[in-house]
4 protein chains.
Amino acid sequence: MAPAYSVDETNIINRLKRIEGQTRGLQRMVSEGKYCVDILTQISSASKALEKVALIILKDHINGCVRDSIERNDSEESVDELVNVVEKFLRT
Amino acid sequence: MAPAYSVDETNIINRLKRIEGQTRGLQRMVSEGKYCVDILTQISSASKALEKVALIILKDHINGCVRDSIERNDSEESVDELVNVVEKFLRT
Amino acid sequence: MAPAYSVDETNIINRLKRIEGQTRGLQRMVSEGKYCVDILTQISSASKALEKVALIILKDHINGCVRDSIERNDSEESVDELVNVVEKFLRT
Amino acid sequence: MAPAYSVDETNIINRLKRIEGQTRGLQRMVSEGKYCVDILTQISSASKALEKVALIILKDHINGCVRDSIERNDSEESVDELVNVVEKFLRT
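Residues numbered from 1 in each chain as written. Chains lettered and ligands numbered in written order. Predicted model: local features only at pLDDT ≥ 70, side-chain atom pairs only at ≥ 80, totals over all residues. Heavy atoms only, no water.

With that out of the way, let us pick up unusual backbone geometry. Residue and element names in this part refer to chain A. Backbone geometry places Asn 73, a non-glycine residue, at a positive phi of 65°. Looking at the secondary structure, you find Asn 73 in the loop between helix H2 (36-71) and helix H3 (76-87). In this structure Asn 73 comes out as exposed when scored by relative accessible area, which is 64%. (Helix = DSSP H or I, 4+ residues; strand = E, 2+ residues; numbered from the N terminus. Buried < 20%, exposed > 50% of the residue type's maximum accessible area, 1.4 Å probe, protein only.)

This is the structure we're talking about:
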């Protein structure tokens, strides 16, 4: 079976490529001695872009694996796993 | 003047290289159809690694530019700027 | 129908009472001129406690409303809503 | 010496009172069986309001204690402490 996020695969890969470019740009900014606050702003932007990718995959995951597990009446583990992975994006 | 983070420059660049590698690894995971939750866990890890870099730069920035501005008795702008950039890492 | 979180209602209410107590404690700390860093640490603790409550309710919500909508084959809206509310806890 | 945040004391106390009210409102929403997503939205709002208070205190703290320590040429500990407390608001 195709993974749940396959519907958004190109979108996700393109976003990740952009984030990879941002992390390379950050290395250049540091090597060139750019202003700390500009670097911090760029880090915050890359970090938010990563969270946006996470949300897209999360949605596909719920619409895919989690939905399947509910339809199979076997969702306890997949819901626990889902909540645990959301928790990784919080600070608790 | 060397930027404030120059003391940690190699450390910061190495961390950013590792994060760049993680974002490339994420693209591979998506192309290969890896399990959503494993991808989300890896995104969370890259995002935390970015925040760690931000904290290192933040500390150097306070010990450099912010300290200088306080010693020059001209810190209002630099403190505002510092708080604004910290805010970018919160959700407010 | 009972709301999805009714299974954890007492647990949730007790946690919220504790957080209410923390916010009252914070007011006292401020009035008494306690050290900033101690106040900030306490704010961080209250904020994490709120996120923990959110995770409990989120799990009940997925096991309740979201599951029901999937079983009724009418989950598009409820999954969108779920992802949107998770997004409120991120920084994107 | 008055604590650094005394300039904003009334503002901070009023914000904390509002957050205390929100946590009481949340208990009522849970008791009355309000919709999960509305409760989660309200939790997110209280959590952001807490972070806003933290930013106000953080700014006063930098303008007070941290500035004093720099002027006394004895800032190593206070800068470490500052970065550590900012870290509590991130996810690292």
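With 23 residues of chain A at the contact, the number on the chain C side is 23 residues. Three residues, Leu 55, Ile 70 and Arg 91 of chain A, lead the burial of chain A against chain C; their summed loss comes to 24% of the area buried on that side. At the surface where chain A touches chain C, the tally comes to four salt bridges. Taken together, the links from chain A to chain C amount to eight residue pairs in polar contact (both at pLDDT 80 or more). For the side of chain A that touches chain C, the secondary-structure elements that each account for two or more residues are H2 and H3 of chain A. Considering each element in turn, the side of chain A that touches chain C owes the most residues, 12 residues, to H2 of chain A. Taken together, the residues that form the side of chain A that touches chain C break down as 10 nonpolar, four polar and nine charged. (Contact = heavy atoms within 4.5 Å. Buried area = accessible area lost by both parts, 1.4 Å probe. Salt bridge = Lys/Arg side-chain N within 4 Å of Asp/Glu carboxyl O. Polar contact = N/O pair within 3.5 Å; in protein donor to acceptor, adjacent residues only side chain to side chain. Nonpolar A, V, L, I, M, F, W, Y, C, P; charged D, E, K, R; others polar.)

Of the transformation placing chain B onto chain A, the axial shift is 0.0 Å and the rotation is 180°, giving an RMSD of 0.0 Å. The transformation just described matches what one would write down for a two-fold rotation axis. (Least-squares fit on C-alpha atoms with pLDDT ≥ 70 in both.)

This paragraph deals with the interface of chain B and chain A. Listed as interface residues are 43 residues of chain B and, on the opposing side, 43 residues of chain A. With both chains or domains summed, chain B and chain A bury close to 3,800 Å², and 73% of this area falls on carbon and sulfur atoms. Inspection of the chain B/chain A interface yields two salt bridges. As a salt-bridge pair, Arg 24 of chain B and Glu 20 of chain A come within 3.0 Å of each other at their nearest N and O atoms. At the level of elements, helix H1 (9-31), helix H2 (36-71) and helix H3 (76-87) of chain B are the ones that each hand at least two residues to the side of chain B that touches chain A. Per element, the largest residue contribution to the side of chain B that touches chain A is 18 residues, and it comes from H2 of chain B. Residue composition of the side of chain B that touches chain A, grouped by class: 25 nonpolar, eight polar and 10 charged.

Below, the discussion takes up the pattern of salt bridges. Under the definition given, this model contains 24 salt bridges over all chains. The partner of Arg 91 of chain C in a salt bridge is Glu 51 of chain B, and the shortest N-O contact between them spans 3.3 Å. Of this pair, Arg 91 of chain C sits in the segment after helix H3 (76-87) while Glu 51 of chain B sits in helix H2, which puts the two residues in different chains. On the basis of relative accessibility, which here comes to 8%, the residue Arg 91 of chain C falls in the buried class. The class of Glu 51 of chain B is buried, set by a relative accessible area of 1%. Overlapping salt bridges bring together Glu 20 and Arg 24 of chain A together with Glu 20 and Arg 24 of chain B as one network.

With an axial shift of 0.0 Å and an RMSD of 0.0 Å, the rotation relating chain A to chain C amounts to 180°. Of the interface residues in chain A, 100% have counterparts in chain C that sit at the interface too, so the contact is made through matching surfaces.

What follows deals with H2 of chain A. All names here are of chain A. With 36 residues, H2 ought to run about 52 Å at 1.5 Å a step, and its terminal C-alpha atoms sit 51 Å apart, in line with that. Most pronounced at His 61, the bend in H2 amounts to some 35°. Two residues or fewer after H2 comes Asn 73, characterised by a positive phi angle close to 65°. (Expected span 1.5 Å × (residues − 1). Bend = angle between axes of the 7 residues up to and from the residue.)

Unfilled space is identified by rolling a water-sized probe across the atoms. All told, the structure shown has five cavities of 30 Å³ or more when counted by the stated rule. Here the largest cavity is characterised by a volume of approximately 90 Å³. Lining the largest cavity are 16 residues, and of these Arg 91 of chain A, Arg 91 of chain B, Arg 91 of chain C together with Phe 89 and Arg 91 of chain D sit closest to its centre. Here the residues of the lining of the largest cavity sort into eight nonpolar, no polar and eight charged. (1 Å grid on protein atoms, 1.4 Å probe; cavity = no way out; pocket = protein on both sides within 12 Å on 5 of 7 lines; lining within 4 Å. Points joined across faces, edges and corners; volume = space filled by probe spheres on them.)

Let's shift gears to helix H1 (residues 9-31) of chain C. In an α-helix, one turn spans 3.6 residues; hence positions three or four apart end up facing the same way. Residue and element names in this part refer to chain C. A rise of 1.5 Å per residue sets the reference length of H1, with its 23 residues, at 33 Å; its end C-alpha atoms lie 33 Å apart and thus fit the reference within 8%. Along H1, the positions that sit buried rather than exposed are Ile 12, Ile 13, Leu 16, Ile 19, Glu 20, Gln 22, Thr 23, Gly 25, Leu 26, Gln 27, Met 29 and Val 30. Where H1 terminates, the next one or two residues include Gly 33, which has phi positive at roughly 70°.

Looking at the largest pocket, its volume works out to about 170 Å³. Surrounding the largest pocket, Asp 80, Val 83, Asn 84 and Glu 87 of chain A together with Asp 8, Asn 11, Lys 52, Leu 55, Ile 56, Lys 59, Asp 60 and Asn 63 of chain C form its lining. If one sorts the elements of the lining of the largest pocket by residue count, helix H2 (residues 36-71) of chain C sits on top with six residues.

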